[in-house]
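# Architecture and fold: a report
Spelled out, the chains give:
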Amino acid sequence: LLCLIFGIASLAFAQPNVEFSKANEDYAQGHFKEAIAGYETLVRAGQWNANLFYDLGNAYFRTRDFGRAILNYERALVLDQHHPEATANLQIARDESRALELQPTRLERYLQFASINQYVTTATVAFWLGIFGIVALIFARRRSAALISLSMLCLLGCGIAIWAIHTLENGSNGRALAIVTGNDVQARLATADTANSVLALPAGSEIKILSTRGDWMYAALPNDLRGWIQTKNAEQVRL
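Residues numbered from 1 in each chain as written. Predicted model: local features only at pLDDT ≥ 70, side-chain atom pairs only at ≥ 80, totals over all residues. Heavy atoms only, no water.

Once that is clear, we can look at the environment of L129. Positionally, L129 belongs in helix α7 (residues 116-139). Given the relative accessible area of 47%, L129 is considered partly exposed. When the C-alpha atoms of L129 and S151 are compared, they prove to be 6.9 Å apart, with 22 residues separating the residues in sequence. (Helix = DSSP H or I, 4+ residues; strand = E, 2+ residues; numbered from the N terminus. Buried < 20%, exposed > 50% of the residue type's maximum accessible area, 1.4 Å probe, protein only.)

Here the focus is the environment of W163. Mapped onto the elements, W163 comes out in helix α8 (residues 145-169). Here the alpha-carbon distance between W163 and A219, two residues 56 residues apart in the chain, equals 23 Å. Residues in contact with W163, not counting those within four places in the same chain, are L107 and L111. (Contact = heavy atoms within 4.5 Å.)

Their axes nearest at 8 Å, the elements α7 and α8 cross at an angle of 155°. Comparing the axis directions of α7 and α8 gives the class roughly antiparallel. As for the relative orientation of α7 and α8, their crossing is left-handed in sense. (Axes fitted to C-alpha atoms, helices over the stretch in contact; angles between N-to-C directions. Parallel < 35°, antiparallel > 145°, perpendicular 65-115°, else oblique. Left-handed = near helix turned anticlockwise from the far one by under 90°.)

Let us now look at the nonpolar core. Formed by 27 residues in total, the largest nonpolar core has its most connected members in Y39, L56, I70, Y73 and A76. Of all elements in the fold, only α2 (32-44), α3 (50-62), α4 (66-79), α5 (84-97) and β1 (177-180) reach the threshold of two or more residues within this core. The biggest single contributor to this core is α3, with seven residues. Look past the residues within four positions of Y73 in its chain and what remains in contact with it is F53, Y54, G57, N58, F61, A86, N89, L90 and A93. (Core = buried A, V, L, I, M, F, W, Y, C linked by side-chain atoms within 4.5 Å.)

This brings us to the confidence of the model for the protein. Chain-level pLDDT for the protein is 89 on average; 93% of the residues reach the 70-or-more range. Low confidence marks residues 4-14, where pLDDT is under 50. Its contacts with residues over four positions away, or in another chain, come to zero contacts. (pLDDT = per-residue confidence, 0-100.)

This paragraph deals with the pattern of salt bridges. Counted under the stated rule, the structure contains ten salt bridges. Between R68 and E235 there is a salt bridge, with its nearest N and O atoms 3.9 Å apart. Of this pair, R68 sits in helix α4 while E235 sits in strand β7 (residues 234-236), and the two are 167 residues apart along the sequence. Given a relative accessible area of 27%, R68 falls into the partly exposed group. Among the ionic pairs, E235 bridges to R75, the shortest N-O distance being 3.6 Å. Taken together, the residues E235 in strand β7 and R75 in helix α4 connect sequence positions 160 residues apart. On the basis of relative accessible area, E235 is assigned to the partly exposed category, the value being 30%. We classify R75 as buried; its relative accessible area is 8%. What you see here is one network of salt bridges that share partners, running through D65, R68, R75 and E235. (Salt bridge = Lys/Arg side-chain N within 4 Å of Asp/Glu carboxyl O.)

Right, let's talk about the pairing of β1 for a bit. Judged by which residues are buried, β1 turns out to be covered on both faces: L177 and I179 on one side and A178 and V180 on the other are all buried. In this sheet, strand β4 (residues 206-213) lies alongside β1 in antiparallel orientation, the contact comprising three bridges. Its bridge partner being in β4, A178 is matched across the sheet by I207. Of the strand pairs in this sheet, β1 and β7 are connected by three bridges, and their pairing is antiparallel. Following the sheet pairing, A178 is matched in β7 by Q236. (Pairing = 2+ DSSP bridges.)

Below, the discussion takes up α8. When the terminal C-alpha atoms of α8 are compared, their 36 Å separation across 25 residues agrees well with the 36 Å that a helix rising 1.5 Å per residue should span. Among all positions of α8, only S151, C154, C158, A161, A164, I165, T167, L168 and E169 are buried. On its buried face, α8 is in contact with α6 (106-111) and α7. Put simply, S144 is the residue that caps the front of α8, since its side-chain oxygen is 3.3 Å from the backbone nitrogen of A146. (Expected span 1.5 Å × (residues − 1). Polar contact = N/O pair within 3.5 Å; in protein donor to acceptor, adjacent residues only side chain to side chain.)

Here is the structure:
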């Protein structure tokens, strides 16, 4: 029974590796559409990692689909912000498509010295240190001013870290970030193809989704503009 269980588990783990290897082989042979199909199958199955999205971005780049190439390079960097190849290829794809980028606010630039995961770790550690300090004060025979100050400082640090997480998650590179995947997309003043254009968005341009209405999304655009674009023409970076 144990052998059967381990055998099934081994097959389950091996299957994605076989599909990934097959997609890589298709890419090496220049069969880029077949490689894209293989990589996308793994994405739909939830087998996410930075290298998968990086390779998928490369395959789209070779078919000159710069919008989806940029989208997948961005997804690779969400999972591994220190992926040098994805960073380099992202810039090349942006230059090729002349994609527009959202500019972070000054506050976001200051907060980006640490990642969201680092802020989460800081908030967790500071919270529990503050709680332990308070519990120690409750049971202590004699209250220490230093322990009170340390506990309050830890809880304050926890609050600041949570505020930083909220700011970054709702900023220009947060959960609402999306990439324009269509070609010659026009952001418009209203939810109609006949409405006046606000800004022409080359493939790969960044937008921040603010709300949706039917087949349209209202978004913050580069150059501090806002407008409506059809949902089929953009995809969120965060899956």
